[in-house]
Amino acid sequence: MVYFIGAGPGDPDLITVKGQKIIQEADIIIYAGSLVNGRIIDCRKPDAEVFNSASMTLEEVIDVMERGVGEGKLVARVHTGDPSIYGAIREQMDILDEKNIPYEVIPGVSSFVASAAVIKKEFTLPGVTQTVILTRMEGRTDVPEKESLESLGRHRASMCIFLSVHMIDEVVEKLKVHYPMTTPVAVVEKATWEDQKIVLGTLEDISRKVKDAGIYKTAQIMVGDFLGNQYEKSKLYDKNFHHGFRSGGNA
Ligand SMILES: C[S@@+](CC[C@H](N)C(=O)[O-])C[C@H]1O[C@@H](n2cnc3c(N)ncnc32)[C@H](O)[C@@H]1O
């Protein structure tokens with residue numbers, strides 16, 4: 001059996017209990033050494049075989065899985081954050097399907113939610129926005145034209161931009177087509193790692209601040225008025241608002 005496991009954003013305590021149990025029992029561990037905190041696999045069996053996928057091709061990863069499963073071994077494929085987001089797991093799952101190799105996916109804490117946690121913000125503020133957009137700038141991997149940052153910006157929703165901090169100038173150029181220059185921006189590098197960095201600013205000054213902080217990779221760019229202080233209180237906890245779990249109200 002192969003388990004795809006979301007390792008979480010960095011802090012080794014942020015993997016799920018289920019994911020950690022599988023790593024403890026795994027005979028073979030394949031992990032993305034460039035992004036996954038090595039401490040995540042410290043709990044492995046002493047004789048577990050470990051492979052760093054950073055230096056492997058897709059075919060090599062699949063070969064290790066196929067051999068392991070053929071020998072009746074438990075294989076843990078460890079991805080950073082949650083594997084469903086820029087995780088390149090679909091291509092692995094499709095090949096496993098073709099080869100009739102069974103697998104399961106254990107979700108993880110994505111870096112975008114970890115980044116909101118470390119700056120103590122809520123993406124979906126009532127009266128501000130109820131939508132979160134997860135995206136990236138085109139780089140070596142294309143982004144469909146209809147999803148350009150300029151067009152997504154039209155919604156002025158909360159936006160989390162992955163894989164793009166090294167292009168912060170271009171990101172700002174595209175965002176300012178629709179977001180006012182006063183829109184707050186937070187950049188979090190290595191959220192929840194010991195050397196995490198947080199930079200707060202606006203579209204006006206974030207580029208300079210990010211460069212001054214020396215942030216070039218492994219960062220979330222978060223944009224939108226959810227980072228500000230204007231919002232309406234939630235109806236869920238409003239004493240005048242009745243719902244299925246609470247009928248009391250003022251009465
Ligand atoms: C290949 S993607 C993987 C994303 C991952 N699957 C997730 O759910 O967070 C790598 C990008 O995720 C973001 N990222 C990953 N870990 C991060 C962290 N601890 N703090 C901030 N951003 C992070 C960065 O934008 C980085 O360039």
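About the thresholds
- Residues numbered from 1 in each chain as written.
- Predicted model: local features only at pLDDT ≥ 70, side-chain atom pairs only at ≥ 80, totals over all residues.
- Heavy atoms only, no water.
- UniProt positions renumbered as here; feature names shortened; annotations may be inferred.
- Near = heavy atom within 4 Å.
- Polar contact = N/O pair within 3.5 Å; in protein donor to acceptor, adjacent residues only side chain to side chain.
- Areas by Shrake-Rupley, 256 points an atom, 1.4 Å probe, with all protein chains shown as cover.
- 1 Å grid on protein atoms, 1.4 Å probe; cavity = no way out; pocket = protein on both sides within 12 Å on 5 of 7 lines; lining within 4 Å.
- Sits in = over half its atoms within 2 Å of the grid points.
- Nonpolar A, V, L, I, M, F, W, Y, C, P; charged D, E, K, R; others polar.
- Domains from an automatic or database assignment.
- Points joined across faces, edges and corners; volume = space filled by probe spheres on them.
- Helix = DSSP H or I, 4+ residues; strand = E, 2+ residues; numbered from the N terminus.
- Buried < 20%, exposed > 50% of the residue type's maximum accessible area, 1.4 Å probe, protein only.
- Contact = heavy atoms within 4.5 Å.
- Pairing = 2+ DSSP bridges.
- Axes fitted to C-alpha atoms, helices over the stretch in contact; angles between N-to-C directions.
- Patch = residues over 30% accessible without salt bridge, like charges linked within 9 Å, V, L, I, M, F, W, Y side chains within 5 Å.
- Salt bridge = Lys/Arg side-chain N within 4 Å of Asp/Glu carboxyl O.
- Lys, Arg positive; Asp, Glu negative; His and termini not counted.
- Charge placed at Lys NZ, Arg CZ, Asp CG, Glu CD.
- Phe/Tyr/Trp six-rings, centres within 6.5 Å; stacked < 30°, edge-to-face > 60°.
- Lys NZ or Arg CZ within 6 Å of the ring centre and 35° of its normal.

As annotated in an unreviewed UniProt entry, the protein chain carries the name Cobalt-precorrin-4 C(11)-methyltransferase and comes from Thermotalea metallivorans. Regarding the protein chain, the UniProt comment filed under Sequence similarities (unreviewed entry) reads as follows: "Belongs to the precorrin methyltransferase family." Its UniProt record, at the heading Pathway (unreviewed entry), says of the protein chain: "Cofactor biosynthesis; adenosylcobalamin biosynthesis."

A. Representation of the site of the ligand within the structure. Close to the ligand lie 18 residues; Ile85, Ser110, Ser111, Ala191 and Ala219 are nearest. Leu163 places a main-chain nitrogen or oxygen 2.9 Å from an oxygen atom of the ligand. Protein chains shield 93% of the accessible area of the ligand, which is 570 Å² for the free molecule. Structurally, the ligand is housed in the largest pocket. In terms of residue class, the shell around the ligand is built from 10 nonpolar, six polar and two charged. Residue contributions to the shell around the ligand reach at least three from each of two domains, namely domain 1 (2-106) and domain 2 (111-227).

B. How the structure looks around the layout of surface pockets. Volume-wise, the largest pocket comes out at about 1,100 Å³. The wall of the largest pocket is formed by 40 residues, among which Ser34, Leu35, Thr80, Tyr86 and Leu163 lie closest to the centre. Contributions of two or more residues to the lining of the largest pocket are made by helix H2 (58-70), strand E4 (75-79), helix H3 (90-98), helix H4 (111-118) and strand E10 (219-223). Its residues assigned to classes, the lining of the largest pocket comprises 19 nonpolar, 15 polar and six charged. If you count residues domain by domain, the lining of the largest pocket takes at least three from each of domain 1 (2-106) and domain 2 (111-227). Roughly 170 Å³ of internal volume is contained in the second largest pocket. Lining the second largest pocket, in full, are Arg136, Arg140, Thr141 and Leu163. Taken together, the residues of the lining of the second largest pocket break down into one nonpolar, one polar and two charged.

C. Quick look at H4. Taken together, the buried positions of H4 are Phe112, Ala114, Ser115 and Ala116. Residues of H4 that are buried in the fold lie against strand E6 (132-136), strand E7 (158-162), strand E8 (184-189) and E10. A positive backbone phi angle near 55 degrees is found at Lys120, which sits one or two residues after H4.

D. Spotlight on the sheet that holds strand E9 (residues 197-202). Strands sit in the order E6-E7-E10-E8-E9 across an open sheet of five strands; the sheet is mixed. Both outer strands of the open sheet, E6 and E9, are each paired with one neighbouring strand and no more. Across the sheet, the mean angle separating the axes of adjacent strands is 20 degrees when strand polarity is ignored. With five bridges connecting them, E8 and E10 associate as antiparallel partners. Note that in E10 the partner of Val185 across the bridge is Val223.

E. Looking closely at a negative patch on the surface. Taken together, the side chains of Glu59, Glu60, Asp63 and Glu91 define an acidic patch exposed on the protein surface. Ranked by residue count, the leading element in the negative patch is H2, at three residues. Along the chain, Glu91 falls in helix H3.

F. Up close: the packing of aromatic side chains. All chains considered together, the criterion is met by five aromatic pairs. Centroid distance Phe112 to Phe123: 5.9 Å. Interplanar angle 35 degrees. Geometry classified as tilted. Note that Phe112 is positioned in helix H4 and Phe123 in the loop between H4 and E6, a separation of 11 residues in sequence. The class for Phe112 is buried, based on a relative accessible area of 14%. In this structure Phe123 comes out as buried when scored by relative accessible area, which is 9%. Residue placement shows Arg136 over the ring face of Tyr86; its charged tip is 5.9 Å from the ring centre.

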